[in-house]
Amino acid sequence: MKFIMVMIICFGVDCQAIYDSEFEYETYDNCLTEAVTMTQYMQFLFPSSSGEIHCWDRQTFDTFEKYLEQGGQPTMDPVFPSGTDT
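The following refers to the structure shown. Just so you know, the residues in each chain are numbered from 1, in the order the chain's sequence is written. Reporting in this predicted model follows two pLDDT cut-offs: at least 70 for local features of residues, and 80 or more for side-chain atom pairs to be given and counted; totals over whole chains, interfaces and linings ignore these cut-offs and use all residues. The basis for every side-chain value is the complete set of heavy atoms in the structure, and neither hydrogens nor water enter the calculation.

### A look at the state of the cysteines
Heads up, the rule is: Throughout, a disulfide means two cysteine sulfur atoms within 2.5 Å of one another. Categorising residues by exposure relies on relative accessible area from a 1.4 Å probe, with only protein chains included: less than 20% of the type maximum marks a residue as buried, more than 50% marks it as exposed, and the intermediate range marks it as partly exposed. Runs of H or I in DSSP of at least four residues are treated as helices and runs of E of at least two as strands, each being numbered from the N terminus.
Within this structure, the stated rule accounts for two disulfides. Between C10 and C15 runs a disulfide, and the two sulfur atoms are separated by 2.0 Å. Since a negative S-S torsion denotes a left-handed disulfide, the C10-C15 link at about 110° is right-handed. Here C10 matches C15 in class, with each residue buried. Put simply, C31 and C55 are joined by a disulfide, and their sulfur atoms are 2.1 Å apart. Across the S-S bond of C31 and C55 the torsion is about -90°, and the bridge reads as left-handed. Here the residue C31 occupies a position in helix 1 (residues 28-45), and C55 occupies one in strand 3 (residues 50-57), the gap between them amounting to 24 residues. Judged by relative accessible area, C55 falls into the buried class, the value being 12%. Each disulfide of the chain joins two cysteines, and with those cysteines numbered along the sequence the arrangement is 1-2, 3-4.

As structure tokens, then:
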């Protein structure tokens, strides 16, 4: 199973999702290792922001992307319309 890294960065209540759906990590551990490095980098660049980084499988990512396409907004601790917290 492959994984996609999704960063959610918030400046106050304005949150944005950053991801590259074409780039997939071979394992969850590979994605998580990169996520730790990315977290440190983003905290350095944007010290007054808050955010999260997720490593989602394709099915979870597709659900998230569909949620955004239907007008949903990225938030910290996202809960998708299906009620499934991922």
